[in-house]
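# Observations on the three-dimensional arrangement
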Amino acid sequence: MSGRSQTIAETLTRAIIDHRLVPGCKLGERELAEIFDVSRIVVRQALIRLADDGLAQIERNRGAFVARPSMQEALEIYDALTLVEQGVAAQLSDRLGPAGWAELRHHVERQRQAVAAGNDALADVLGQEFHTVFVRLSRNKVMQEIHAQLVRRTTLLRSLITADFDYCNLLDDHSRVVDLLEKGRLKQAMDLIDTHHRTVVRGYIMDREVFPELTPAEALAPYLDGKAEGATTAVPLARPAKAPGDAATHLHIHLPKKDPAPASRASTKKTNRGLQS
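Below is a summary of the structure that appears in this document. What you are looking at is a predicted structure, and each value in this text was computed from that prediction instead of being measured. (Residues numbered from 1 in each chain as written. Predicted model: local features only at pLDDT ≥ 70, side-chain atom pairs only at ≥ 80, totals over all residues. Heavy atoms only, no water.)

### Some remarks on the pairing of strand E3 (residues 63-66)
Here is the rule we go by: Strand pairing is assigned whenever DSSP detects at least two bridges linking the two strands. Counting from the N terminus, the helices are DSSP H or I runs at least four residues long and the strands are E runs at least two residues long.
As paired elements, strand E1 (residues 26-27) and E3 share two bridges and run antiparallel to each other. Residue pairing across strands places leucine 27 opposite alanine 64, the latter belonging to E3. Note: strand E2 (residues 56-59) against E3, four bridges, orientation antiparallel. Bridge assignment links alanine 56 to a residue of E3, and that residue is valine 66. In this structure, the hairpin formed by E2 and E3 is closed by a connection of three residues, where asparagine 61 is found at a positive phi of approximately 65°.

Written as structure tokens, this is what we have:
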């Protein structure tokens, strides 16, 4: 993929993350070529990359659209994340040294401080980054690449889904996973990773239309003008380690046919970001 196609793919990804390009939005090659002032071939390469990452669907004779994930797809994505992160947990329990454990604990402490300060935006970012740091410490580049691609799939889920969950409990999961692994209690740590992701999926509410639909020109204008927050730093799609956000993972998962209902919304903290915290 050319450098220009890479940049366009990154910009489209950012617009999806920021809820400006919503699921089902038409991504017309001709319109995007005019917006970015490039050829349709360059745009097509970018759209193929988005399709590879599960962020777009390309339909014959109809063109490309921002993908519409289902609850079943959400379950499968988080199953896969659980598998990856549990594999990483098995590696870290045997190989990680004092510096690695200290890095994970420092990251958890930064999250805790952000929550205590009421800085939900920072806590949200740090919660996502924890999983990326966790996988990076395995030093397995193939695992990092797989994890990064799955994380990009969750960006689309966040663009469609609101969530109700207790963020503090999810943060505590990070701390407990580190404690368990450092003490060599691998089975308990793997079970907690599984539970952590099931909690996230149960918090998804997929029947809400919460973001207005914009045309691609309207959605992308702030990034082209450099006015959108984060627009000057497009979401890197380079593999493996620079994808935004992150997530967690298992070896043999059987999700129950009916998960227990999530806690009462009156007692939960609502957020639209950081769903894989």
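### A word on the packing of helix H2 (residues 29-36) against helix H10 (residues 216-225)
The criterion, for reference: A fitted line through C-alpha atoms represents every axis, and for helices the fit uses only the stretch in contact; the resulting angles, taken between N-to-C directions, go from 0 to 180 degrees. For this classification, under 35 degrees means roughly parallel, over 145 means roughly antiparallel, 65 to 115 means roughly perpendicular, and everything else is oblique. With the far helix as reference, a near helix turned anticlockwise by less than a right angle produces a left-handed crossing, and one turned clockwise produces a right-handed crossing. Two residues qualify as a contact provided that any one of their heavy atoms is within 4.5 Å of a heavy atom in the partner residue. Under the scheme applied here, ten amino acids are nonpolar (Ala, Val, Leu, Ile, Met, Phe, Trp, Tyr, Cys and Pro), four are charged (Asp, Glu, Lys and Arg), and all others, including Gly, are polar.
As a packed pair, H2 and H10 sit with axes 11 Å apart at the nearest point and diverge in direction by 25°. With respect to H10, the axis of H2 lies roughly parallel. Between H2 and H10 the crossing geometry is right-handed. Across from Glu31, Leu32, Ile35 and Phe36 in H2, the residues of H10 making contact are Pro216, Ala217, Leu220 and Leu224. Residue composition of the contact of H2 with H10, grouped by class: seven nonpolar, no polar and one charged.

### Structural notes on the pattern of salt bridges
Threshold: Each salt bridge in this description consists of a side-chain nitrogen of Lys or Arg and a carboxyl oxygen of Asp or Glu lying within 4 Å of one another.
Here the structure, examined in full by the defined rule, presents 14 salt bridges. For arginine 62, the salt bridge identified is with glutamate 59, shortest N-O distance 2.5 Å. Salt-bridge contacts for arginine 105 lead to aspartate 179; the nearest nitrogen and oxygen are separated by 2.8 Å. Of this pair, arginine 105 sits in helix H5 (residues 98-116) while aspartate 179 sits in helix H8 (residues 167-182); the two residues are 74 residues apart in sequence, bridging distant segments of the chain. Sharing partners across several salt bridges, the network here consists of Glu29, Arg40 and Arg44.

### Some remarks on the sheet that holds E1
Taken together, the three strands give an open sheet; going across it, the order is E1-E3-E2, and neighbouring strands pair in antiparallel fashion. Strands at the two margins of the open sheet, each flanked by one partner only, are E1 and E2. Sheet contacts for helix H3 (residues 40-52): E1, E2 and E3; angle to E2, the most-contacted strand, approximately 115°.

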